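Tertiary structure, described
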Amino acid sequence: ELKVEQNPLFLSMQEGKNYTIYCNYSTTSDRLYWYRQDPGKSLESLFVLLSNGAVKQEGRLMASLDTKARLSTLHITAAVHDLSATYFCAVVPLIKAAGNKLTFGGGTRVLVKP
Amino acid sequence: DTAVSQTPKYLVTQMGNDKSIKCEQNLGHDTMYWYKQDSKKFLKIMFSYNNKELIINETVPNRFSPKSPDKAHLNLHINSLELGDSAVYFCASSHLAGPGYNEQFFGPGTRLTVL
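First, a word on what this report is: a plain description of the structure on this page.

Calculation rules
- Residues numbered from 1 in each chain as written.
- Chains lettered and ligands numbered in written order.
- Predicted model: local features only at pLDDT ≥ 70, side-chain atom pairs only at ≥ 80, totals over all residues.
- Heavy atoms only, no water.
- Pairing = 2+ DSSP bridges.
- Helix = DSSP H or I, 4+ residues; strand = E, 2+ residues; numbered from the N terminus.
- Axes fitted to C-alpha atoms, helices over the stretch in contact; angles between N-to-C directions.
- Contact = heavy atoms within 4.5 Å.
- Buried area = accessible area lost by both parts, 1.4 Å probe.
- Salt bridge = Lys/Arg side-chain N within 4 Å of Asp/Glu carboxyl O.
- Polar contact = N/O pair within 3.5 Å; in protein donor to acceptor, adjacent residues only side chain to side chain.
- Buried < 20%, exposed > 50% of the residue type's maximum accessible area, 1.4 Å probe, protein only.
- Disulfide = S-S within 2.5 Å.
- Patch = residues over 30% accessible without salt bridge, like charges linked within 9 Å, V, L, I, M, F, W, Y side chains within 5 Å.
- Areas by Shrake-Rupley, 256 points an atom, 1.4 Å probe, with all protein chains shown as cover.
- Lys, Arg positive; Asp, Glu negative; His and termini not counted.
- Charge placed at Lys NZ, Arg CZ, Asp CG, Glu CD.
- Phe/Tyr/Trp six-rings, centres within 6.5 Å; stacked < 30°, edge-to-face > 60°.

A look at the sheet that holds strand β1 (residues 4–7) of chain B
Residues and elements named next belong to chain B. Spatially, four strands are ordered β1-β3-β8-β7 in an open sheet, and the strand pairing comes out antiparallel. Looking at strand neighbours, the two that pair on one side only are β1 and β7 (64–70), the edges of this open sheet. Adjacent strand axes in the sheet meet at a mean angle of 20 degrees when their direction is disregarded. Bridging between strand β3 (residues 19–25) and strand β8 (residues 73–78) involves six bridges; their strand directions are antiparallel. Residue pairing for β8: Cys23 is matched across the bridge by Leu74.

Focus: the interface of chain A and chain B
Across the boundary between the two partners, chain A contributes 19 residues, which contact 20 residues of chain B. For the pair chain A and chain B, the summed buried surface comes to about 1,700 Å²; carbon and sulfur atoms form 57% of the total. Ranking the residues of chain A by area buried against chain B places Asn100(A), Lys101(A) and Phe104(A) at the top, with a combined share of 30%. Joining chain A to chain B, the criterion identifies one salt bridge. The interface formed by chain A and chain B contains six residue pairs in polar contact (both at pLDDT 80 or more). Taken together, the elements giving at least two residues each to the side of chain A that touches chain B come down to β4 (29–37) and β5 (43–49) of chain A. Among the elements that make up the side of chain A that touches chain B, the one with the highest residue count is β4(A) (four residues).

Examining the side chain of Arg31(A)
Its place among the elements puts Arg31(A) in strand β4. At 3.3 Å, the side chain of Arg31(A) forms a polar contact with the side chain of Tyr33(A).

Topic: the side chain of Ser42(A)
When you line up the elements, Ser42(A) lands in the loop between β4 and β5. A relative accessible area of 18% places Ser42(A) in the buried class. For Ser42(A), the side chain forms a polar contact with the main-chain oxygen of Gly107(B), separated by 2.4 Å.

Looking at the state of the cysteines
Considering all chains together, one arrives at two disulfides over all chains under this definition. A sulfur-sulfur separation of 2.0 Å characterises the disulfide bridge that pairs Cys23(A) with Cys89(A). Taking the torsion about the S-S bond as the criterion, the Cys23(A) to Cys89(A) disulfide, at about 80 degrees, is right-handed. Residue Cys23(A) is found in strand β3 (residues 19–25), and its partner Cys89(A) is found in strand β9 (residues 85–93); the two are separated by 66 residues along the sequence. Using a relative accessible area of 0% as the deciding quantity, one classes Cys89(A) as buried. Residue pairing for Cys23(B): its cysteine sulfur links by disulfide to Cys91(B), the two sulfurs lying 1.9 Å apart. Measuring handedness by torsion sign, the sulfur bridge of Cys23(B) and Cys91(B) sits at about -80 degrees and is left-handed. Of this pair, Cys23(B) sits in strand β3 while Cys91(B) sits in strand β9 (residues 87–94), placing them 68 residues apart in sequence. On the basis of relative accessible area, Cys91(B) is assigned to the buried category, the value being 0%.

Structural notes on a positive patch on the surface
There is a patch of like positive charges on the surface, built from Lys41(A), Lys9(B), Lys41(B) and Arg111(B). Tracing the chain through its elements places Lys41(A) in the loop between β4 and β5.

Describing the environment of Thr113(B)
Note that Thr113(B) resides in strand β11 (residues 110–114). Beyond its immediate sequence surroundings of up to four residues, Thr113(B) is in contact with Leu11(B), Val12(B), Thr13(B) and Ser86(B).

Remarks on the packing of aromatic side chains
One pass over the structure, following the stated rule, counts ten aromatic pairs over all chains. Ring centres of Tyr35(A) and Phe104(A) lie 6.0 Å apart, and the angle between their planes is 45 degrees; this geometry places the pair in the tilted category. Here the residue Tyr35(A) occupies a position in strand β4, and Phe104(A) occupies one in strand β10 (residues 103–104), the gap between them amounting to 69 residues. A residue is classified by how much of its surface remains accessible, and Tyr35(A), at 0% relative accessible area, is buried. Measuring from ring centre to ring centre gives 6.3 Å for Phe64(B) and Tyr89(B), while their planes differ by 35 degrees; the resulting arrangement is tilted. Placement of the pair is Phe64(B) in strand β7 and Tyr89(B) in strand β9, with a sequence separation of 25 residues. Phe64(B) gets classed as buried once you look at its relative accessible area, which sits at 6%.

Here is the structure:
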């Protein structure tokens, strides 16, 4: 059974500093997604990572994927208050029988303080 | 132009009742999903339909019955509601295969509270 672990589960950030969220998964995958969820809201897609070494950047967020290590990172540069949210990674296993089933990590709750 | 919509947004009901949640997508996707998010924010897939055919059926009590009348709609009916069913239920849609990222787009969620 695929397991997806994120750490930390909670991250208190200071504005202007850099931080990293880690996502480890337990089985071979060719697709990894990062989502953002604001309190009481839906999930918003941030990044889709499809291959080993993939790196995507949007604003202060950068995501990367190492399929050999089964690890993805979400790096936050110069944190600002607007980035306060819960961030989820999600993985689709490589086996065809999995369909397009997303297995989510437990989420990382980010709070950016002034 | 809402891409994935769900109704109702909030649902408060008594234990033992039967309720339904509806989902519609206008993205032209062929696959739709139901996810459950519990009070600790943990998200888990429940069901998936591809072109009206059930393709993912996780270990979910058989009180939960999904129905897909066409590929743009996926409903979730829940019989004999229990306290533990209280959660936020998200519908999502995507393409299943082919070129592209098969990225899943989520609806706004339905917050179900069972009293």
